[in-house]
Amino acid sequence: MTKSLTGKVALVAGATRGAGRGIAVQLGAAGATVYVTGRTTRSERSEMNRPETIEETAALVNAAGGRGIAVQVDHLVPDEVRALVSRIQGEEGSLHVLVNDIFGATTIEWNKSVWESSLEIGMRTLRLAVETHFITSHFAIPLLIRTPGGLVVEVTDGTDEYNAANYRVSFFYDLAKASVNRMAFALAHELKPHGATAVSLTPGWLRSEFMLDAYRVTESNWRDATAVSPHFAISESPAYVGRAVAALAQDPDVSRWNGKSLSSGQLAKVYGFTDLDGSQPDAWRYMTEVQDAGKPADVTGYR
């Protein structure tokens, strides 16, 4: 990857771990200055109670060749987001890429209807998955549109096409992920007159730190988990979706994607990037044609 994002400024909101961390690191690998935000620092953990920190993410951005700046922010608190954007404006003067990857829900009630679900848990899920995104956009986009060519990426779970045809395991999770896709669609209409682009982007089956821990594997031996869950063979590292965002940010014709729902596997075919192992997993096509179709796990032709 070339350093074509040198001099560009990105904000990855929700970069403590998972897709957000992968995106931040790959933007750094392309030379960007990356503000990485989240609630967990070396001295304080969020309700997720995970060990990953925003300082670690910033250090990984630096190691990749960019400049990482860690800022503790609760994106449900407007004053904290306002202060973050003011800091970016004061220190850098511009913002070129905004990635909304905020979630951080600790409890999701799977396989429960709206009337069976805890209203408190469901509303918390929506606040973390949806409200955080539009609060961040409200404050960050005025700075982003000062420079033509800005990019907003709404990170979600599932493409528009997949989510429209498939119930996503619970009422509140289904609503949350569909809402993020729709936010990108709405932002695209609002940003177009300003020469900026908005897309929604989904990774496939992500080998996040949480998922690796759940299967008791590491990135180096993740294939061992297929003995328990054979379809895990289609999974991808956080670097893959990170490379998708970096490719979009470097594309001088990125406006062709405005308002589109995209996946890491789809963009890999267009831009030619690979996952860490050199493959190009196409998880959403696999899930439709193999996993959801009840076929035996076989990633031949899908990665």
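Here, every reference points to the structure presented above.
Predicted, not measured: the structure shown is a model, and the values here were computed from it.

### A few points about the overall build of the protein chain
Check the secondary structure of the protein chain and you find ten helices and seven strands. Taken against the 2.2 N^0.38 rule, which gives 19 Å for 303 residues, the C-alpha radius of gyration of the protein chain at 18 Å falls within 12% of a compact globule. Considering only C-alpha atoms, the protein chain reaches an extent of 55 × 45 × 40 Å along its principal axes. Counting across all 303 residues of the protein chain, residues that qualify as buried make up 55%. Sequence-distant contacts, at least 24 apart, represent 71% of the contacts inside the protein chain between residues at least 6 apart. For the protein chain, the exposed surface amounts to about 13100 Å²; the carbon and sulfur share of it is 53%. Charge-centre separation for the protein chain: the mean point of 29 positive side chains lies 3 Å from the mean point of 34 negative side chains.

### Description of the sheet that holds strand E3 (residues 67–72)
Strand pairing in a sheet is mediated by backbone hydrogen bonds. Such pairs are either parallel or antiparallel. Spatially, the seven strands line up as an open sheet ordered E3-E2-E1-E4-E5-E6-E7, and their pairing is parallel. The open sheet has two edge strands with one neighbour each: E3 and strand E7 (261–263). Across the sheet, the mean angle from the axis of one strand to that of its neighbour is 20°, orientation sign disregarded. Two strands pair when backbone bridges link them, and strand E2 (residues 33–38) and E3 are joined in this way by six bridges, in the parallel orientation. Each residue of the ladder has a partner; that of Tyr35, found in E3, is Ile69. Sheet strands touched by helix H1 (residues 18–29): strand E1 (9–13), E2, strand E4 (97–100) and strand E5 (151–155). Its angle to E1, the strand with the most contacts, is close to 170°. The strands touched by helix H6 (residues 171–191) within the sheet are E5, strand E6 (197–202) and E7, with E6 carrying the most contacts at an inclination of about 165°.

### Quick notes on empty space enclosed by the protein
Under the criterion given, the structure shown has one cavity of 30 Å³ or more. The space that makes up the largest cavity amounts to roughly 50 Å³. Around the largest cavity sit Ile108, Glu109, Ser117, Ile121, Gly122, Thr125, Ser170, Phe171 and Phe172, which together line it. Going through the elements one at a time, helix H4 (119–144) and H6 are the ones with two or more residues in the lining of the largest cavity. Take the lining of the largest cavity: its biggest share by element is three residues, from H4. Looking at the lining of the largest cavity residue by residue, the class counts come to four nonpolar, four polar and one charged.

Conventions and cut-offs
- For every chain, the first residue of its written sequence is number 1, and the numbers climb from 1 along that sequence.
- For this predicted model, a pLDDT threshold of at least 70 governs which residues receive local features, and a threshold of 80 or more governs which side-chain atom pairs are given and counted, while totals over whole chains, interfaces and linings are taken from all residues.
- No hydrogens and no water enter the side-chain calculation; it runs on all heavy atoms of the structure.
- Working definition: helices are DSSP H or I runs of at least four residues, strands are E runs of at least two. Numbering for both runs from the N terminus.
- In this setup the radius of gyration rests on C-alpha atoms only. A globule is expected at 2.2 Å times the number of residues raised to 0.38.
- For every residue, the accessible area (1.4 Å probe, protein chains only) is compared with the maximum for its type, and the residue is labelled buried under 20%, exposed over 50%, or partly exposed between those bounds.
- Two residues form a contact once any of their heavy atoms are found within 4.5 Å.
- For every accessible area listed, the method is Shrake-Rupley and the probe measures 1.4 Å; residues are considered covered only by the protein chains on display.
- We count Lys and Arg on the positive side and Asp and Glu on the negative side, and we leave His and both chain ends out.
- A charged residue contributes its charge at one atom only: NZ of Lys, CZ of Arg, CG of Asp or CD of Glu.
- For two strands to be treated as a pair, DSSP must find at least two bridges joining them.
- Only the stretch in contact is used when fitting a helix axis, every axis being a line fitted to C-alpha atoms; angles between N-to-C directions are given from 0 to 180 degrees.
- A pocket here means an open set of points on a 1 Å grid, computed over the protein atoms alone, that has protein on both sides within 12 Å along at least five of seven lines. A cavity is instead a set of points where a 1.4 Å probe fits but cannot get out; residues with an atom within 4 Å of a point line either one.
- Grid points are joined across faces, edges and corners, and a volume is the space filled by probe spheres set on the points.
- The residue classification treats Ala, Val, Leu, Ile, Met, Phe, Trp, Tyr, Cys and Pro as nonpolar and Asp, Glu, Lys and Arg as charged. All others, Gly included, are polar.

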